[in-house]
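Coordinate inspection notes
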Amino acid sequence: MKEYAVFVEGLDDLNLNDLAPKVERFAYQAINKTADFARARNASDMRRLYNFPGNYLDPSQGRLVISKRAKTNNLESIITGRARATSLARFLVEDNGVNRRGVVIEMLKGQRTGLESAFPVRLNGGQSMGLAVRTKDGAKPAGAYKPSRLGKGVWLLYGISVNQAFNYTRDMSRAEAELYLEAEFNRLMDMENL
């Protein structure tokens with residue numbers, strides 16, 4: 001999994017050794033709450049742009065998670081998106097049936113693409129679906145993103161990874177996350193009149 005960190009600028013001169021324990025606790029609590037906010041916001045932005053299935057980006061699925069939480073001695077939280085490419089079968093919106101050719105996928109919301117030679121296949125003993133294509137000469141399909149060989153001349157097709165989608169959306173919510181962090185830290189400080 002590829003990791004990304006959210007950095008807060010302007011804290012270079014902050015000496016964490018001088019922080020009162022209470023203020024330090026408020027800092028890591030605010031950072032962790034902001035990480036939760038940013039993870040949820042990015043998942044929402046990713047679902048708005050890409051046609052990921054319903055709960056695909058939920059934290060329980062392990063594809064977009066907070067892999068590191070801030071604590072007293074390390075004020076850093078990390079949001080991690082899975083780097084493995086997503087099966088194109090996840091984006092399947094139309095199957096032309098057993099005796100007809102091709103399928104239609106919608107990876108980007110509102111942009112459907114017909115794949116004339118592709119067909120759905122059952123994987124892992126029928127527990128999951130994949131989208132495959134058979135090539136005449138058995139060669140890797142031209143223009144396919146990281147296809148993997150399934151059999152002689154048959155290739156599984158993949159699309160954008162959660163990590164790549166996160167890469168595109170994380171800047172969209174950066175300013176909101178910064179404001180959220182500031183507001184949450186100030187809220188905690190105000191509760192103690194600090």
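See the structure above.
A few points on the structure. Small disclaimer: the values here were computed from a predicted structure and weren't measured.

Quick look at unusual backbone geometry now. With a phi angle near 45°, Lys 146 is a residue other than glycine that sits in the positive phi range. Checked against the element boundaries, Lys 146 lands in strand β10 (residues 145-151).

With that out of the way, let us pick up the sheet that holds strand β7 (residues 113-115). Reading across from one edge, β5-β6-β7 is the order of the 3 strands in this open sheet, with antiparallel pairing throughout. Of all strands in the sheet, those bounded by a partner on one side alone are β5 (92-95) and β7. Within the sheet, the average angular offset between the axes of one strand and its neighbour, ignoring direction, is 25°. Examined bridge by bridge, β5 and strand β6 (residues 103-105) share 3 bridges and lie antiparallel to one another. If you follow Asp 95 over to β6, its bridge partner there is Val 103.

Taken as a whole, the second largest pocket holds about 360 Å³ of empty space. Where the lining of the second largest pocket is concerned, the elements lending two or more residues are β4 (85-87), β9 (128-134) and β11 (154-161). At 4 residues, the largest contribution of residues to the lining of the second largest pocket is made by β9. Grouping the amino acids of the lining of the second largest pocket by side-chain chemistry returns 9 nonpolar, 5 polar and 5 charged.

Most of β11 sits out of view: 7 of its 8 residues are buried. As paired strands, β4 and β11 are joined by 3 bridges and run antiparallel to one another. What sits directly across from Ala 85, in β11, is Ser 161. Two strands pair when backbone bridges link them, and β9 and β11 are joined in this way by 3 bridges, in the antiparallel orientation. Paired with Val 133 across the strands is Trp 155, a residue of β11. As paired strands, β10 and β11 are joined by 4 bridges and run antiparallel to one another. When the sheet's bridge partners are listed, Tyr 145 is paired in β11 with Tyr 158. Where β10 folds back on β11, the antiparallel hairpin that results is connected by 2 residues, among which Gly 153 adopts a positive phi of roughly 75°.

Conventions and cut-offs
Residues numbered from 1 in each chain as written. Predicted model: local features only at pLDDT ≥ 70, side-chain atom pairs only at ≥ 80, totals over all residues. Heavy atoms only, no water. Helix = DSSP H or I, 4+ residues; strand = E, 2+ residues; numbered from the N terminus. Pairing = 2+ DSSP bridges. Axes fitted to C-alpha atoms, helices over the stretch in contact; angles between N-to-C directions. 1 Å grid on protein atoms, 1.4 Å probe; cavity = no way out; pocket = protein on both sides within 12 Å on 5 of 7 lines; lining within 4 Å. Points joined across faces, edges and corners; volume = space filled by probe spheres on them. Nonpolar A, V, L, I, M, F, W, Y, C, P; charged D, E, K, R; others polar. Buried < 20%, exposed > 50% of the residue type's maximum accessible area, 1.4 Å probe, protein only.

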